[in-house]
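This is what each chain is made of:
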Amino acid sequence: MLKVDQLDVFYGNIHALKGVSLDVKEGEIVTLIGANGAGKSTLLKTLSGLLKPKSGTIQYLNHAIAGKPAQEIVKAGISHVPEGRRVFSNMTVEENLELGAFLRKDSKEIQSDIQKVYQTFPRLLERRKQLSGTLSGGEQQMLAMGRAIMARPKLLLLDEPSMGLAPLMVKTIFEIIEEINRGGTTILLVEQNAHMALSVANRAYVIETGRVIVSGTAAELKESEEIKNAYLGGH
Ligand SMILES: Nc1ncnc2c1ncn2[C@@H]1O[C@H](COP(=O)(O)OP(=O)(O)OP(=O)(O)O)[C@@H](O)[C@H]1O
Ligand SMILES: [Mg+2]
């Protein structure tokens, strides 16, 4: 579904991604783990068209999408839930969900998809008229994910969905990630919570200072001494 080959991305002089290659197959959950500043968000931003790579290719469903405008990439079926959620705080929950569907014209189906989002996230239904800026962190994460789903993505990019959430909410968010995937959406998941990420993912890539240093199945990485020591607190 997605094939990234030898991607180089710069911010001015800062070489943030150095020859990154990876692939995601249809139906998979693939996780990208790595420390602060490794380049994880940079990769997702490049995939969704927010950053242009200096070189390298991105093939998505056999289309070359590197450097294409973000709105074309959303239209092609890639939705990005950015780090820190970025909901529109002065708009209600429901208005945020409606905005997620801004490229769609099928208003009946949009309404029925909003109801589906409420089934997945009952908290959002209770708060549908509430201003998004007043939601808790976990609720904002649910809203950001719900808004992304409203575009009916084939590939969902999630940037640290568990960041700053209490353990129970982290568990809920990961359960929902698996549920979305069972519904047919392929997922590329950036996480610092390597334990949880490896427990839901099929495969994983480890990124360090802009390079992929290890990749394998989630099961292989969970057993690797190097990964255990560096990312799993030794367990
Ligand atoms: N707008 C920017 N201008 C300059 N440098 C940037 C910019 N955004 C990111 N960087 C740099 O690029 C590198 C990769 O950043 P990135 O945000 O991709 O890391 P990350 O792996 O997502 O880290 P974190 O886990 O802390 O979110 C870092 O060294 C960062 O300082
Ligand atoms: Mg980041």
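Look above for the structure.
Only a predicted model underlies this, so the values are computations on that prediction, with no experimental measurement involved.

So, the coordination of the magnesium ion (ligand 2)
Point 1. Donor atoms from the polypeptide that coordinate the magnesium ion (ligand 2) comprise Ser 41 (OG) and Glu 83 (OE), at 2.0 to 2.3 Å from the metal. With Ser 41 in helix H1 (residues 40–47) and Glu 83 in the loop between strand E6 (78–81) and helix H3 (93–100), this pair connects stretches of sequence that are 42 residues apart.
Point 2. The exposure class of Ser 41 is buried, given its relative accessible area of 15%.

Thoughts on the side chain of Gln 140
Point 1. Its place among the elements puts Gln 140 in helix H6 (residues 137–149).
Point 2. Note on Gln 140: relative accessible area 16%, which makes it buried.
Point 3. Those residues in contact with Gln 140 that sit more than four places away from it in its chain are Arg 85, Val 87, Ser 132, Gly 133 and Leu 135.

Concerning the sheet that holds strand E4 (residues 55–60)
Point 1. Strand order in this open sheet of four strands is E2-E1-E4-E5, and the pairing throughout is antiparallel. Here the strands that pair on one side only, and so sit at the sheet edges, are strand E2 (14–24) and strand E5 (63–64).
Point 2. The pairing of E4 with E5 spans two bridges and is antiparallel. Paired with Tyr 60 across the bridge in E5 is His 63.
Point 3. Here H1 sits on the sheet in contact with strand E1 (2–11), E2 and E4, set at roughly 115° to E1.

Re the pairing of strand E7 (residues 155–159)
Point 1. In terms of residue burial, E7 counts as a mostly covered element, since five of its five residues are buried.
Point 2. Burial of the side chains of E7 extends over both faces: Leu 155, Leu 157 and Asp 159 are buried on one face and Leu 156 and Leu 158 on the other.
Point 3. Looking at chain direction, E6 and E7 are connected through four bridges and run parallel. Within E7, the residue paired with Val 81 across the bridge is Leu 158.
Point 4. By the bridge criterion, five bridges tie E7 to strand E8 (residues 186–191) in an arrangement that is parallel.

Regarding the site of ligand 1
Point 1. Contacts to ligand 1 come from 14 residues, most closely from Gly 37, Lys 40, Ser 41, Thr 42 and Gln 192.
Point 2. Separating an oxygen atom of ligand 1 from a side-chain N or O atom of Gln 192 is a distance of 2.7 Å.
Point 3. Computed on the free molecule, ligand 1 has an accessible area of 640 Å², of which 64% lies beneath the protein chains in the complex.
Point 4. For the shell around ligand 1, the elements supplying multiple residues, two or more each, are E2 and H1.
Point 5. Counting residues per element, the shell around ligand 1 draws most heavily on H1, at three residues.
Point 6. Among the residues making up the shell around ligand 1, the classes are represented as five nonpolar, six polar and three charged.

A short note on the packing of aromatic side chains
Point 1. The tally for this structure, following the rule as stated, stands at zero aromatic pairs.
Point 2. Stacked on the ring of Phe 10, the Lys or Arg Lys 54 has its end atom at 4.9 Å from the ring centre.

A short note on the layout of surface pockets
Point 1. Space inside the largest pocket adds up to approximately 650 Å³.
Point 2. Around the largest pocket, the lining is made up of 23 residues, and of these Leu 50, Val 74, His 80, Pro 82 and Arg 147 lie nearest the centre.
Point 3. Of all the secondary structure elements, the ones that give two or more residues to the lining of the largest pocket are H1, helix H2 (70–75), E6, H3 and H6.
Point 4. Residue classes in the lining of the largest pocket are distributed as twelve nonpolar, six polar and five charged.
Point 5. For the second largest pocket, the calculated volume is near 330 Å³.
Point 6. In this structure, the second largest pocket is lined by Asp 113, Lys 116, Val 117, Thr 120, Ile 149, Arg 152, Pro 153, Leu 156, Glu 179, Ile 180, Gly 183 and Thr 185.
Point 7. Listing elements by their share of the lining of the second largest pocket, those giving two or more residues are helix H4 (107–120) and helix H7 (167–182).
Point 8. Looking at the lining of the second largest pocket element by element, the count peaks at four residues for H4.

What counts as what
- Residues numbered from 1 in each chain as written.
- Chains lettered and ligands numbered in written order.
- Predicted model: local features only at pLDDT ≥ 70, side-chain atom pairs only at ≥ 80, totals over all residues.
- Heavy atoms only, no water.
- Donors = N, O, S within 2.8 Å, 3.2 Å for Na, K, Ca; no water.
- Helix = DSSP H or I, 4+ residues; strand = E, 2+ residues; numbered from the N terminus.
- Buried < 20%, exposed > 50% of the residue type's maximum accessible area, 1.4 Å probe, protein only.
- Contact = heavy atoms within 4.5 Å.
- Pairing = 2+ DSSP bridges.
- Axes fitted to C-alpha atoms, helices over the stretch in contact; angles between N-to-C directions.
- Near = heavy atom within 4 Å.
- Polar contact = N/O pair within 3.5 Å; in protein donor to acceptor, adjacent residues only side chain to side chain.
- Areas by Shrake-Rupley, 256 points an atom, 1.4 Å probe, with all protein chains shown as cover.
- Nonpolar A, V, L, I, M, F, W, Y, C, P; charged D, E, K, R; others polar.
- Phe/Tyr/Trp six-rings, centres within 6.5 Å; stacked < 30°, edge-to-face > 60°.
- Lys NZ or Arg CZ within 6 Å of the ring centre and 35° of its normal.
- 1 Å grid on protein atoms, 1.4 Å probe; cavity = no way out; pocket = protein on both sides within 12 Å on 5 of 7 lines; lining within 4 Å.
- Points joined across faces, edges and corners; volume = space filled by probe spheres on them.

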